[in-house]
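Next come the chains, spelled out residue by residue.
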Amino acid sequence: MTTKIETVFPPLNKEAREVIENFDKIVQSVQCLSSRQLSQVPEHIRTLSHVLTDNRSERRTGYLNETTALTAYVRYYQWWNLLRLTRLFQGFSSETFKLPSKAVCIDLGSGPLTIPIALWLARPDLRHKQLTWYCVDHSQRALALGEELFLAVVARTNGETDSVCEPWKIIRVRGELGTPIKEPGDFVVCANVFNEVAESYDKPPEFTAKRAVTTMGQYAKATASVLVVEPGTPPSARFLTALRGALSRKNYVCVSPCPVGCRNGEEERENIFHCPMDGSHGNKWCHFVFSTEKAPKALVRLSETASLSKDRASLSFVFAVPKCIYKEKSTEKGTMFIRIASEPIALPKNRVGYYGCSSLGLVLAVSYAEKQKLVLQSGDLIQVDIPVKEKRDYKSGALLIPYEK
């Protein structure tokens, strides 16, 4: 028997979908460009893409202070990131992702406030809580534009409902990682930050991870939750694997996406360093994808015009909480959890398979195509019966798990 428990990327709620569909219009209402300037945006996006990828050595700290770079980032990268992060935030259960009323949230490397905007869209249950956001970034211009965008999104969502919510308090902090903040946070988040930080160090992932945990720790309360989101690439997977280990040494438990938390017991600690999908030595890497088929049509057209079209969006992440507040998911006797971390794979003998992570390591969930009633998606958390006999895939060495509804 197979039961689907949760997913990483649930569909957008109606309100979030409407805002993200029209995000280009919201940006234009805040940062109005002429028709000539708008026609140059795809070229600026291509230039920024080269700076962020193959020309990294040319990227300057605080590059979002440059007008053309900030314009391209907000109208392309922030739009895609909002789509990814809003769906990710919707996937966190209310029990897993709790914030107290009047919580302090710290967004490191905030840029144009993508995280607060995505959380506002994804979690209406948090809008009545008087959250304070310390948004830290090198670029004061990005922070200022981001706050305007956040307020525009709040106004738009308030206009769609009968219940008017005051916007969360935004405190802009211009500075680098480590810049002091007046009060510790209940929630510390970094999105697409440490991949850039790692590029400036000629050090292994463990070095960057240790620094990252130290940096985030100086901002966090003893009960603070921590979320780190990175691109869905093998280097990011290697970094996040190291990050889970570093967090564990500080008595944190990974509650997502790991199907069972990275425990802290001495006899279990070694398991943390053997993630079956760590991206090393050509291994599979922990990341989650969704089709861009239902992405905003205007965003898809812009991507194509900028020669950056994509048919899938992806990310990697680690969400951790202190061990003192961790509640492990309970499983029925003889069952275990699997986090699906691949798209469907066509196998011999008319079978369909999905790679996933479990307490038993790498698994390959397999079903016959004609009997496949439970269609799985990348990021699904499922509960399955533990197989009586151990059988492994000859190619990957993954434990074979038959599944069906």
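Cut-offs and rules
- Residues numbered from 1 in each chain as written.
- Predicted model: local features only at pLDDT ≥ 70, side-chain atom pairs only at ≥ 80, totals over all residues.
- Heavy atoms only, no water.
- Helix = DSSP H or I, 4+ residues; strand = E, 2+ residues; numbered from the N terminus.
- Rg over C-alpha atoms; globule rule 2.2 N^0.38 Å.
- Contact = heavy atoms within 4.5 Å.
- Areas by Shrake-Rupley, 256 points an atom, 1.4 Å probe, with all protein chains shown as cover.
- Lys, Arg positive; Asp, Glu negative; His and termini not counted.
- Charge placed at Lys NZ, Arg CZ, Asp CG, Glu CD.
- Buried < 20%, exposed > 50% of the residue type's maximum accessible area, 1.4 Å probe, protein only.
- Arc of directions from axis to C-beta.
- Polar contact = N/O pair within 3.5 Å; in protein donor to acceptor, adjacent residues only side chain to side chain.
- Salt bridge = Lys/Arg side-chain N within 4 Å of Asp/Glu carboxyl O.
- Core = buried A, V, L, I, M, F, W, Y, C linked by side-chain atoms within 4.5 Å.

The name recorded for the chain in an unreviewed UniProt entry is Small ribosomal subunit Rsm22 family protein, from Candidatus Treponema excrementipullorum.

Novice: Just give me the short version of the overall build of the chain, but keep the residues and values in it.
Specialist: Scanning the chain from terminus to terminus reveals 10 helices and 15 strands. For 405 residues, the compact-globule formula gives about 22 Å, and the C-alpha radius of gyration of the chain, at 21 Å, lands near that figure. With respect to the principal axes defined by its C-alpha atoms, the chain has extents near 65 × 50 × 45 Å. Counting contacts in the chain only where the partners sit at least 6 residues apart, residues at least 24 apart contribute 79% of the total. Carbon and sulfur atoms provide 50% of the accessible area of the chain, an area that totals close to 19,400 Å². Here the chain contributes 53 positive and 43 negative side-chain charges, whose respective centroids are spaced 2 Å apart.

Novice: Lay out helix H1 (residues 14-21) with the relevant residues and their values.
Specialist: Taken as a whole, H1 has its buried residues at Glu15, Ala16, Val19 and Ile20. Looking down the long axis of H1, one finds its buried residues gathered within 125 degrees of arc, a one-sided arrangement. A side-chain oxygen of the first residue of H1 lies 3.1 Å from the backbone nitrogen of Glu15; this N-cap is Asn13.

Novice: Describe the environment of Phe89, listing the residues and the values that go with them.
Specialist: Turning to its location among the elements, Phe89 is positioned in helix H4 (residues 67-91). Between the alpha carbons of Phe89 and Ala118 there is a distance of 7.5 Å; along the sequence they are 29 residues apart. With near-sequence residues (within four places) excluded, Phe89 lies in contact with Ile115, Ala118, Leu119, Ala122, Arg123 and Leu227.

Novice: Run through the pattern of salt bridges, naming residues and quoting values.
Specialist: Per the stated rule, a full pass over the model turns up nine salt bridges. Linking Lys221 and Asp186 is a salt bridge whose minimum nitrogen-to-oxygen distance equals 3.1 Å. Here Asp186 lies in strand E5 (residues 185-191) and Lys221 lies in strand E6 (residues 220-230), a separation of 35 residues in the sequence.

Novice: Tell me about the nonpolar core, and name the residues and values.
Specialist: Judged by nonpolar contacts, the single largest core of 85 residues is most densely connected at Leu88, Phe89, Leu99, Trp133, Phe187, Leu227 and Phe317. Looking at this core, the element that brings in the most residues is H4, giving 14 residues. Look past the residues within four positions of Leu227 in its chain and what remains in contact with it is Phe89, Phe92, Phe187, Val188, Val189, Cys190, Phe317, Val318 and Phe319. By size, the runner-up hydrophobic cluster in this structure holds 31 residues, among which are Ala212, Met216, Tyr219 and Val318.

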